[in-house]
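Single-letter residue listing:
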Amino acid sequence: MKLVRYGAMGAEKPGMLDGNGVLRDLSAHVSDISGGTLSDAGLEKLRAIDPASLPAVEGTPRIGACVGSIGKFLCIGLNYSDHAAETGAAIPEHPILFFKANSAIVGPNDDVSMPRGSTNTDWEVELGVVIGTTAKYVSKEDALNHVAGYCVVNDVSERHFQTQLTGQWTKGKSCDTFGPTGPWLVTRDEVADPQSLAMSLDVNGKRMQTGNTSTMIFSVAEIIEHLSGLMTLHPGDVITTGTPPGVGMGMKPNPVYLKKGDVMELTIEGLGHQRQTVTEDA
């Protein structure tokens, strides 16, 4: 299934795409696409619904983040061997973890607004993993059974804030609008292998990132195993899993960063497309 949240920000409704790509309203069956809906049992109930029996959504509504009431927004850094190479960083021994504030979360096509004082705002296409059942001390062999599905995330990053403001990466990752998520939550049964997904990101029509989840240093299963040994993962938690090469900070001979009016477009195989226009905070 491809599950969607649509409507005005803060008032999104649940929906699903039918086999023809028509958006159907799920409001009569669930209140939201969120933790309580994402268990195996909850998804089975939705899977049993004939999409043709659901009302078609008229027009072209705004698409919101594909998960509502996200609990934790966990992010893994330097998780692609080719991205680590472009930044000159050593391969990490364990997954690098940082958090992105939930106030950064927006829809896949909402504007990305650079904060006041930003000079080094950058792009990062990433595979998002949505937890469906509680995970604590799980093995990598069992880890994917705790996944509800997958989505596209743009881990927008202000590199000066991230590296020069004395502290953790979270400062440069958590600015408002820096977490476009969606368009769909694609349930795990539709993703045969999360370690074999092509991904790309363009800025103003120019290809910047081309990659594949096969070059992850730590697989999705290994990430879940590691994180669940540190904290309980709950339904509705989202994990972003790192980015392939081609980020602005890695451009040679000089870094390239976003400016007002730029347009980012990003895609992951089978998971959909995002498009954001860059603006500036007043």
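Structure report, in brief. (Residues numbered from 1 in each chain as written. Predicted model: local features only at pLDDT ≥ 70, side-chain atom pairs only at ≥ 80, totals over all residues. Heavy atoms only, no water.)

**Notes on helix H6 (residues 220-228)**
Consideration 1: For H6, the set of buried residues is Val220, Ala221, Ile223, Ile224, Leu227 and Ser228. Buried residues of H6, seen end-on, are gathered within an arc of 160° and therefore sit on one face of the element.
Consideration 2: Contact partners of the buried residues in H6: strand S4 (73-77), strand S5 (96-99), strand S9 (125-131), helix H3 (140-143), strand S10 (147-154) and strand S16 (238-240). (Buried < 20%, exposed > 50% of the residue type's maximum accessible area, 1.4 Å probe, protein only. Helix = DSSP H or I, 4+ residues; strand = E, 2+ residues; numbered from the N terminus. Arc of directions from axis to C-beta. Contact = heavy atoms within 4.5 Å.)

**What to know about the environment of Gly270**
Consideration 1: Checked against the element boundaries, Gly270 lands in the loop between strand S17 (263-268) and strand S18 (272-280).
Consideration 2: A sequence separation of 31 residues divides Gly270 from Ile239, and the C-alpha atoms of the two residues are 18 Å apart.
Consideration 3: Here Gly270 is in contact with Lys2, Trp184 and Val186, once residues within four sequence places are set aside.

**With respect to the sheet that holds strand S7 (residues 112-114)**
Consideration 1: Spatial ordering of the open sheet is given by S7-S18-S17-S14-S15, a layout of five strands whose pairing is mixed. Since the sheet does not close on itself, it has two edges, and those belong to S7 and strand S15 (206-212), each with one partner. Averaged over neighbouring strand pairs, the angle between their axes works out to 20° when direction is ignored.
Consideration 2: Alignment of S17 against S18, held across six bridges, turns out to be antiparallel. Within S18, the residue paired with Val263 across the bridge is Thr277. (Pairing = 2+ DSSP bridges. Axes fitted to C-alpha atoms, helices over the stretch in contact; angles between N-to-C directions.)

**A look at the nonpolar core**
Consideration 1: One finds Ile224, Leu233, Ile239 and Leu271 to be the most contacted residues of the largest nonpolar core, which totals 44 residues.
Consideration 2: Elements that contribute at least two residues to this core include exactly S4, S7, S9, S10, strand S14 (198-203), H6 and S17.
Consideration 3: The dominant element in this core, judged by the number of residues it contributes, is H6, at five residues.
Consideration 4: Excluding residues within four positions of it along the chain, Ile239 makes contact with Leu74, Ile76, Leu127, Gly128, Val129, Ile131, Ile223, Ile224, Leu227 and Leu233.
Consideration 5: Leu26, Leu54, Val67 and Leu185 belong to the second largest nonpolar core, which has 25 residues in total. (Core = buried A, V, L, I, M, F, W, Y, C linked by side-chain atoms within 4.5 Å.)

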